[in-house]
There are 2 protein chains.
Amino acid sequence: MNFDNVRIVLVGPLYGGNLGSVCRAMCNMGLSDLAVVTPHKNLDMNDAYKMACHSQHILENMTIHDDLLSAIKECNISVATSARRGLYRTHAVTPREIVPKLTMASDNNKIAIVFGREDNGLTNDELTMCTDILNIPTATENTSINLSQAVLICCYELFVASGEFEPQEEKSDIATMEMREFMFSLWRKTLLEIGFMHEDKADHMMYGLRRILSRDLLSEDDIKILMGIARQAEWAAGAYIADKVDSKYEK
Amino acid sequence: MNFDNVRIVLVGPLYGGNLGSVCRAMCNMGLSDLAVVTPHKNLDMNDAYKMACHSQHILENMTIHDDLLSAIKECNISVATSARRGLYRTHAVTPREIVPKLTMASDNNKIAIVFGREDNGLTNDELTMCTDILNIPTATENTSINLSQAVLICCYELFVASGEFEPQEEKSDIATMEMREFMFSLWRKTLLEIGFMHEDKADHMMYGLRRILSRDLLSEDDIKILMGIARQAEWAAGAYIADKVDSKYEK
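Throughout what follows, the structure given in this document is the object of discussion.

Reading the values: rules and limits
Residues numbered from 1 in each chain as written. Chains lettered and ligands numbered in written order. Predicted model: local features only at pLDDT ≥ 70, side-chain atom pairs only at ≥ 80, totals over all residues. Heavy atoms only, no water. Contact = heavy atoms within 4.5 Å. Buried area = accessible area lost by both parts, 1.4 Å probe. Salt bridge = Lys/Arg side-chain N within 4 Å of Asp/Glu carboxyl O. Helix = DSSP H or I, 4+ residues; strand = E, 2+ residues; numbered from the N terminus. Nonpolar A, V, L, I, M, F, W, Y, C, P; charged D, E, K, R; others polar. Least-squares fit on C-alpha atoms with pLDDT ≥ 70 in both. Pairing = 2+ DSSP bridges. Axes fitted to C-alpha atoms, helices over the stretch in contact; angles between N-to-C directions.

1. Quick notes on the interface of chain A and chain B
On the side of chain B, 45 residues touch chain A, which itself brings 45 residues to the contact. When the area that chain A buries against chain B is broken down by residue, the three leading residues are A:Tyr156, A:Phe165 and A:Gln168, summing to 19%. Run the count over chain A and chain B and you get two salt bridges. Between B:Glu157 and A:Arg96 there is a salt bridge, with the nearest N and O atoms lying 3.0 Å from each other. With eight residues, the top contributor of residues to the side of chain A that touches chain B is helix α7 (residues 147–162) of chain A. Split into classes, the residues belonging to the side of chain A that touches chain B amount to 18 nonpolar, 17 polar and ten charged.

This is the structure in structure tokens:
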């Protein structure tokens, strides 16, 4: 996916705070091309800078336009977002449905994702100018999403679909069966020695312990911690007994 | 999924605007149980009410707690969110990876999703108290997501996974092959009559038109519009010719 080919377009935004939050959301998800169509004359740029935490460069490089066509004229795909349903919107899809098409197309095409006014959304003319219509899933009781939250969801879906995110990696490898069995044999020996169980119940208790420790795969580091506990418990029990024996002889 | 069994927990929030935006995001995604641990003493509740657009009931019903355990004590699953990576977080997963487990578990278990302070996140003690750790995918250049945006992504992923969202439905059924072919035969006749093409090129042009009109499935309403255009063009061309003929006779 080519993130440089995705433009976020805000039509008639009213509030600087939302504009700044949009910049931050875009930046979080790897986007930077912002176009604004006829921002409200009272839009507070101080609020915008305050909310555009670490993404002021997007605010500084945004372009301002007189109408929607001017903001999207060189784009090949334009996606309108709408919270309303019905008229002119019956073919709307969800962000998750459309992102595979957008990420593929972004390699060779410019894409605009268009968001309407906080109070009134997009006009029918603006909506029908676009090649696609998006409807963000919400509970039916409250379908009105904050502007920057709507932008975030679309950018997030694109970012996830891009495959750019590198998931966390465990530093430690998953333990081998040999390591696991050695650890369990140590625990068995220790639990017998400290008197937690007797030989006749040992299998039963060990099955329980195996169940607890098999809910997810254990790493080599996990096994080392568990072996350390078993060894130390065995040592401490031995030292305690030796100590008691010593005390007896001291009498 | 049982939405009533999912609690959002904010630890030490600083800003009322974020608190209010969290309520709105929760409400958008069908959640309503909010717990707040040690909110900052200067947190502005007026800002919170202003941003909690149509979700003030969540703000009014939130519970306040002295520590994290008090906020999650009766929960069965607690999911900590963290923007940082590494230490104590190497087994973190993404929201999309964990939501199938959470939606299933919510039928019989109480789930807490825990978010840290705007400036410092969760402490290691708070993080490791939780049963799971979440890492929200972001671009590596700017991993710091606004608190309410982080809440939104988690709630949105849960809501989408719940299957509660009813996608838009086309009012009109997809047209049958018989309707499509009848429509194309009308267009063929009209395009010949108005002189757009001659019989020898007709197949070639009709293949082009079929390609344009087959990018996606056409509904019965689509077919009716297309048939109407063809019929009207034929009528208008006929009337024009008749008019010219009439004029000639009038001379």
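Let us keep going from here.
2. Considering the relation of the copies chain A and chain B
Once chain A is rotated about the relating axis by 180 degrees and shifted along it by 0.0 Å, it coincides with chain B to within an RMSD of 0.1 Å. In symmetry terms, the pair is related by a two-fold rotation axis. Rotation axis and chain A: the residue whose C-alpha lies nearest the axis is A:Gln149, separated from it by 3.2 Å. Taken together, the interface assignments show that 100% of the residues at the interface of chain A recur at the interface of chain B, consistent with an identical surface on both copies.

3. Digging into the sheet that holds strand β5 (residues 111–115) of chain B
Residue and element names in this part refer to chain B. Pairing in this open sheet of six strands is parallel, and the strands run β3-β2-β1-β5-β4-β6 from one edge to the other. Strands with a single pairing partner mark the edges of an open sheet, and in this sheet they are β3 (63–65) and β6 (132–134). Across this sheet, the average inter-strand angle for adjacent strands is 25 degrees, counted without regard to direction. As judged from the five bridges shared by strand β1 (residues 6–11) and β5, these two strands associate in the parallel manner. When the bridges of β5 are listed, Arg7 appears paired with Ala112.

That is the geometry; function is a separate question.
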